[in-house]
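Listed here are the chains, written in short residue letters.
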Amino acid sequence: REGAYERLGDDDELLRELVYVFFADLDKQLEMLRASLSAGDAPAAENTAHALKGGSSNIGAERVRQRFFEMEIAGRERRLEDLSILLETVPGLIAEFRDVLAAKGYTTEPA
């Protein structure tokens, strides 16, 4: 969060909006990723992981960003089984980040 806050010029309102947007779109993006895996579409999986990496970076979710980066690379290298295994760890990382946000007074729901 601190890195994201600094990148946004200490704009707390903007960070709150980005957090909301990320979480509002997260389930849809994860479903797209699962669909890409089911279809064996490595380029689509790579693109979705890339988008999720960017969104998580914007809100300072470093561990989540790192996991999506690993997934992006797995998609680029057409290692869909590895990508699927990595995807299984995402809900736990997201839950941890939600806890961090809550402890700092942020919500993933609209204000």
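One can find the structure itself at the top, above this paragraph.
With that out of the way, let us pick up the environment of G92. Within the element layout of this structure, G92 appears in helix α6 (residues 90-103). For the pair G92 and V64, spaced 28 residues apart in sequence, the C-alpha separation works out to 9.5 Å.

Another aspect to go through is the environment of D25. The topology assignment puts D25 in helix α2 (residues 12-39). Using a relative accessible area of 28% as the deciding quantity, one classes D25 as partly exposed. Note: C-alpha distance between D25 and L52 (27 residues apart in sequence) is 9.5 Å.

The full count for this structure, using the stated rule, is 1 aromatic pair. Here the aromatic rings of F22 and F23 are separated by 5.2 Å at their centres, their planes lie at 90°, and the arrangement is edge-to-face. Neither F22 nor F23 differs from the other in exposure class; each is buried. One cation-aromatic arrangement involves R16 over Y106; the distance from NZ or CZ to the ring centre is 4.1 Å.

The rules we used
Residues numbered from 1 in each chain as written. Predicted model: local features only at pLDDT ≥ 70, side-chain atom pairs only at ≥ 80, totals over all residues. Heavy atoms only, no water. Helix = DSSP H or I, 4+ residues; strand = E, 2+ residues; numbered from the N terminus. Buried < 20%, exposed > 50% of the residue type's maximum accessible area, 1.4 Å probe, protein only. Phe/Tyr/Trp six-rings, centres within 6.5 Å; stacked < 30°, edge-to-face > 60°. Lys NZ or Arg CZ within 6 Å of the ring centre and 35° of its normal.

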